[in-house]
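Architecture at a glance
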Amino acid sequence: MAGSYIQAVGTDVDIPDGAEVIDAAGKTILPGTVDAHAHANHFAGGPLPQENWAYLANLAFGVTTAHDPSANTETVFSLSEMVRAGLMTGPRIFSTGTILYGADGNFKAVVNSLDDACSHLRRMKAVGAFSVKSYNQPRREQRQQILQAA
């Protein structure tokens, strides 16, 4: 049942009225698993889906928490909020959002100072990121500034 959780396990427990009791004798119960490097269909832009096939597949295999280390910022954090609000079925989603990409391209994160690095981290934290991925920053001091900002 969505939103349910295990309150007690054992043979000598108080069972509250209305609680669902599952006889797991002879079975193994595992807590949800965490996929720390999950790419769960977060690269699209535009209108958001009402269901995400990758979320349903993850849940079917017991993944109840996922961390996407490279995703479209708007998509991943919007879908994560929809799951938390009960508007979509899926695992808890954490992400870096869009990576701090250093090579030329349409989403380059320019880092030429510690202030630049701090600005990128503040921006990503404000939208929901609790981690960041720095990728292809060409100079060592750029990578160090991102680490220092973190």
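Note: the structure precedes this text.
Residues numbered from 1 in each chain as written. Predicted model: local features only at pLDDT ≥ 70, side-chain atom pairs only at ≥ 80, totals over all residues. Heavy atoms only, no water.

1. Quick word on the pattern of salt bridges
In the structure shown here, the tally under the stated rule is two salt bridges. Salt-bridge contacts for Lys108 lead to Asp104; the nearest nitrogen and oxygen are separated by 3.1 Å. Given the relative accessible area of 38%, Lys108 is considered partly exposed. By relative accessible area, Asp104 is classed as exposed at 69%. (Salt bridge = Lys/Arg side-chain N within 4 Å of Asp/Glu carboxyl O. Buried < 20%, exposed > 50% of the residue type's maximum accessible area, 1.4 Å probe, protein only.)

2. Examining helix α4 (residues 140-149)
Residue pairs three or four apart in sequence face the same way in an α-helix, which turns once every 3.6 residues. Looking only at α4, the buried set comprises Gln142, Gln145 and Ile146. Along the axis of α4, the buried residues cluster in a sector spanning 100 degrees; they form a single face. With respect to the buried face of α4, the exposed residues turned more than 90 degrees away are Arg140, Leu147 and Gln148. Buried-residue contacts for α4 involve β4 (100-101), α3 (114-127) and β5 (134-135). (Helix = DSSP H or I, 4+ residues; strand = E, 2+ residues; numbered from the N terminus. Arc of directions from axis to C-beta. Contact = heavy atoms within 4.5 Å.)

3. So, a nonpolar patch on the surface
Judged by side-chain polarity, Ile6, Val9 and Ile29 come together as a nonpolar surface patch covering roughly 320 Å² of accessible area. With respect to the helices, strands and loops of the structure, Ile29 is situated in the segment before β1 (33-35). (Patch = residues over 30% accessible without salt bridge, like charges linked within 9 Å, V, L, I, M, F, W, Y side chains within 5 Å. Areas by Shrake-Rupley, 256 points an atom, 1.4 Å probe, with all protein chains shown as cover.)

4. Some thoughts on the nonpolar core
Among the nonpolar cores identified, the biggest contains 22 residues, and Tyr55, Met88, Leu100 and Ile146 are the most heavily contacted of them. Those elements that place two or more of their residues in this core are α1 (53-60), β2 (63-68), α2 (73-84) and α3. Among the elements that take part in this core, α2 stands out by supplying five residues, more than any other. Every residue in contact with Leu100, bar those within four places of it in the chain, is listed here: Ala109, His120, Leu121, Arg123, Met124, Val132, Lys133, Ser134, Tyr135, Gln137 and Ile146. (Core = buried A, V, L, I, M, F, W, Y, C linked by side-chain atoms within 4.5 Å.)

5. Observations concerning the packing of aromatic side chains
Summed over the entire model, instances satisfying the criterion amount to three aromatic pairs. Both rings, one in Phe94 and one in Phe130, keep their centres 5.2 Å apart while their planes meet at 65 degrees; by these two values the pair is edge-to-face. Residue Phe94 is found in strand β3 (residues 92-95), and its partner Phe130 is found in the loop between α3 and β5; the two are separated by 36 residues along the sequence. Ring centres of Tyr101 and Tyr135 lie 6.0 Å apart, and the angle between their planes is 20 degrees; on these two criteria the pair is classed as stacked. Of this pair, Tyr101 sits in strand β4 while Tyr135 is found in strand β5, placing the two residues 34 residues apart along the sequence. (Phe/Tyr/Trp six-rings, centres within 6.5 Å; stacked < 30°, edge-to-face > 60°.)

6. Some details on the layout of surface pockets
Space inside the second largest pocket adds up to approximately 150 Å³. Phe43, Ser70, Ala71, Asn72, Thr98, Ile99, Asn106 and Phe107 are the residues that line the second largest pocket. Classifying every residue of the lining of the second largest pocket by side-chain character gives four nonpolar, four polar and no charged. (1 Å grid on protein atoms, 1.4 Å probe; cavity = no way out; pocket = protein on both sides within 12 Å on 5 of 7 lines; lining within 4 Å. Points joined across faces, edges and corners; volume = space filled by probe spheres on them. Nonpolar A, V, L, I, M, F, W, Y, C, P; charged D, E, K, R; others polar.)

7. A short note on the packing of α3 against α4
Look at α3 against α4: their axes get within 8 Å of each other, and the N-to-C directions meet at 55 degrees. Considering their axes alone, α3 and α4 lie oblique with respect to each other. Seen along the crossing, α3 lies across α4 with a hand that is right-handed. Facing Leu114, Ala117, Cys118 and Leu121 of α3, the residues of α4 in contact are Gln145, Ile146, Gln148 and Ala149. For the contact of α3 with α4, the per-class residue count stands at six nonpolar, two polar and no charged. (Axes fitted to C-alpha atoms, helices over the stretch in contact; angles between N-to-C directions. Parallel < 35°, antiparallel > 145°, perpendicular 65-115°, else oblique. Left-handed = near helix turned anticlockwise from the far one by under 90°.)

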